[in-house]
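# Residue-level structural notes
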Amino acid sequence: MESPQTLVEMRGISKRFPGVQANDSANFTLFRGEVHALLGENGAGKTTLMNILYGLYKPDAGEIYVKGKPVQIRSPHDAISLGIGMVHQQFRLIPTHTVAENIIVGSKEIGFTLNYDAINEELSKLIKFYGWAIRPDSRIWQLSAGEKQQVELLKALYRKAEILILDEPTSVLTPQESTVLFQTLRRMASQGLGVVLISHKLDEVMGVTDRVTVMRKGKTVATKLTKETSPEELAYLMIGRQIGVIEAKKNVAPGPPLLETYDLKILDDKGLLAVKGLSIKLHSGEILGVAGVSGNGQQELVESLAGLRKVEGGKILIGGTDMTNKPPSMFIDSGVAYIPPETLRYTAAGMTVAENIILKAYKRGKFSRRFLINWKTVFNEAEKLVKTFNIVTPSLKTRAGSLSGGNIQRLVLARELALQDDIKVVIAAYPTKGLDVASTEFIQRKLAESRDKGIGVLLVSEDLEELAMLCDRIIVMYKGEIVGELVRGEFDLETIGLMMTGVKRAEARV
């Protein structure tokens, strides 16, 4: 049997940033015709390693070989000239330009005269080959997230890339769009391309890849054939222990409503109606899931439920008390804890870990008296919570902005769940998005514990498996409206995925 051709070999790659060893003699090999997953916890060094391959960072040490030849990759231009393409989590497209214009912009091969007929013909052939429905003359702003990703892939293919790197590619996709993407990746591999998939979702890795490389603390700890490993083994390699199973709460009669909205209407930042007459009830001791593709009113909804955004119409009740358009401080005092979608935005990055932990509680008698903060009590409490919430930090005086994403998320959890008195409602918006399996498990467990204490949890997520595992009920939002509601026992990921595209519940039954 002929051995596979090596497209990329990275040997002994090291990269250090101030205070952080991102890569520590890491190794990685990519074969022609394979989909190869790169796994690791947040901060394990996997994205840094691929950024080095794409020329965004220069390694401090190590060697890179492309198709057997040693190379120096000083910039993305060097990488592209070597046949390397990268699709980032945040798409790098110009919304007002067409698909074709986005693909040819910056291309050195185009020349001074643009032959759009020839360009469109070549793009159409690629689009047809991969079974996509996009058109070269479509404007980017008209496309869905999945179609925008196809444009990014098309850009790399048009430039004759043989090596493709995808960084968390399903984070913005519906289940149906993810399925199309995986079919595309397998087809690319069948054409002899090498595909690197950076992902924290073990089910994706098991379903679409040929090999898996696991990184931990900047080092390469293992490379396995996917068919010869398991999610349990991969999780163990990533974090050094087995991941526990969080069991759904058994069906019980719902408690009293803790959060109610009636005919809620909310504007977005452009003054357009983002939430259109939404009415929900969240009961004591339940997790109510909100599914939907990001941008369908979820952000505006959770901000209004935390008192951070005014509503144009309707009512918000917390524990039976009308809280409509009350200030955030009154929502806090009424027992609302808020885990925001962008935790760094709601963290005082320049303040210390200890200061951030007491950010909402510093005025209470436990921590202050007569406008003076008792720092000894603050540090004692912060030290306990750092241990309880497994926040990895050099010290309590470390600036919060220097922590990894997973640790910032744990810091926010500690602030919201541990120091607020009499919590009634937890609003959790995308609390595990982009996090590794260990951080994800920890946060999911904390939400389940809150539910079991009789707290009502509103969980907004694009991860349908997470919603199905944790929730008692799931509502699906599309363009600011609820298109359907399902209770435990009715959950079907395919149905929910269709509803996320705007199909009403009755029509989405499969």
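Heads up: these notes are all about the structure in this document. All values derive from a computational prediction rather than experimental measurement.

## Details of the overall build of the chain
Helix and strand counts for the chain come out as 17 helices and 22 strands. Rg of the C-alpha trace for the chain: 24 Å, near the compact-globule value of 24 Å for 510 residues, within the 12% margin. By principal-axis analysis of the C-alpha atoms, the chain measures approximately 70 × 50 × 45 Å. Expressed as a percentage of its 510 residues, the buried residues of the chain come to 52%. Considering only intrachain contacts with a sequence separation of at least 6, the fraction spanning at least 24 residues in the chain is 67%. Summing over all exposed atoms, the chain offers an accessible surface of approximately 23,400 Å²; the carbon and sulfur share of this is 51%. Positive and negative side-chain charges of the chain, numbering 65 and 59 respectively, have mean locations separated by a distance of 5 Å.

## Topic: helix α6 (residues 175–190)
Between its first and last C-alpha, α6 extends 23 Å over 16 residues, near the 22 Å set by a 1.5 Å rise per residue. The inward-facing, buried residues of α6 abut β3 (35–40), α5 (145–158), β7 (163–167), β8 (194–198), α7 (202–208) and α16 (493–500). Within two residues after α6, Gly192 carries a phi angle of roughly 95 degrees, on the positive side.

## Thoughts on the pairing of strand β4 (residues 61–66)
Here strand β1 (residues 6–17) runs beside β4; their pairing, made up of five bridges, is antiparallel. Note that in β4 the partner of Val8 across the bridge is Val66. Of the pairings in the sheet, the one linking β4 to strand β5 (residues 69–71) comprises three bridges and is antiparallel in character. Paired with Ile64 across the two strands is Val71, which belongs to β5.

## Comments concerning the nonpolar core
Ranked by internal contacts, the top residues of the largest apolar core, which has 50 residues, are Ile357, Val426, Leu447, Leu459, Ile474, Val476 and Ile496. Counting residues per element, this core draws most heavily on helix α13 (residues 405–417), at six residues. If you count residues domain by domain, this core takes at least three from each of domain 2 (246–335 + 422–510) and domain 3 (347–421). Setting aside its immediate chain neighbours within four residues, Ile496 contacts Ala291, Leu464, Ile474, Val476 and Leu486. Of all hydrophobic cores here, the second largest spans 35 residues; its members include Leu143, Leu173, Leu185 and Met188.

About the criteria used
- Every chain is numbered independently, its residues counted from 1 as its sequence is written.
- Given that this is a predicted model, residues contribute local features only at a pLDDT of at least 70 and side-chain atom pairs are listed and counted only at 80 or more, while totals for whole chains, interfaces and linings are drawn from all residues.
- As a rule here, side-chain values come from all non-hydrogen atoms in the structure, and water together with hydrogens is ignored.
- Runs of E in the DSSP output that reach at least two residues are strands. Runs of H or I that reach at least four are helices, and both are numbered from the N terminus.
- All radius of gyration figures rest on C-alpha atoms, and the globule criterion is 2.2 Å times the number of residues raised to 0.38.
- Each residue is placed in one exposure class: buried if its accessible area under a 1.4 Å probe, protein chains only, is under 20% of its type's maximum, exposed if it is over 50%, and partly exposed if it falls in between.
- We call two residues contacting when some pair of their heavy atoms lies within 4.5 Å.
- Using a 1.4 Å probe, accessible areas were evaluated by the Shrake-Rupley method; residue-level cover was limited to the displayed protein chains.
- Charged residues are defined here as Lys and Arg on the positive side and Asp and Glu on the negative side; His and the ends of the chain fall outside this count.
- For charged residues, the charge sits on one atom: NZ in Lys, CZ in Arg, CG in Asp, CD in Glu.
- Any helix carries an expected span of 1.5 Å times its number of residues minus one.
- For two strands to pair, DSSP has to find at least two bridges joining them.
- In this text, buried Ala, Val, Leu, Ile, Met, Phe, Trp, Tyr and Cys residues form a nonpolar core when linked through side-chain atoms within 4.5 Å.
- By convention here, the domain bounds are inherited from an automatic or database domain assignment.

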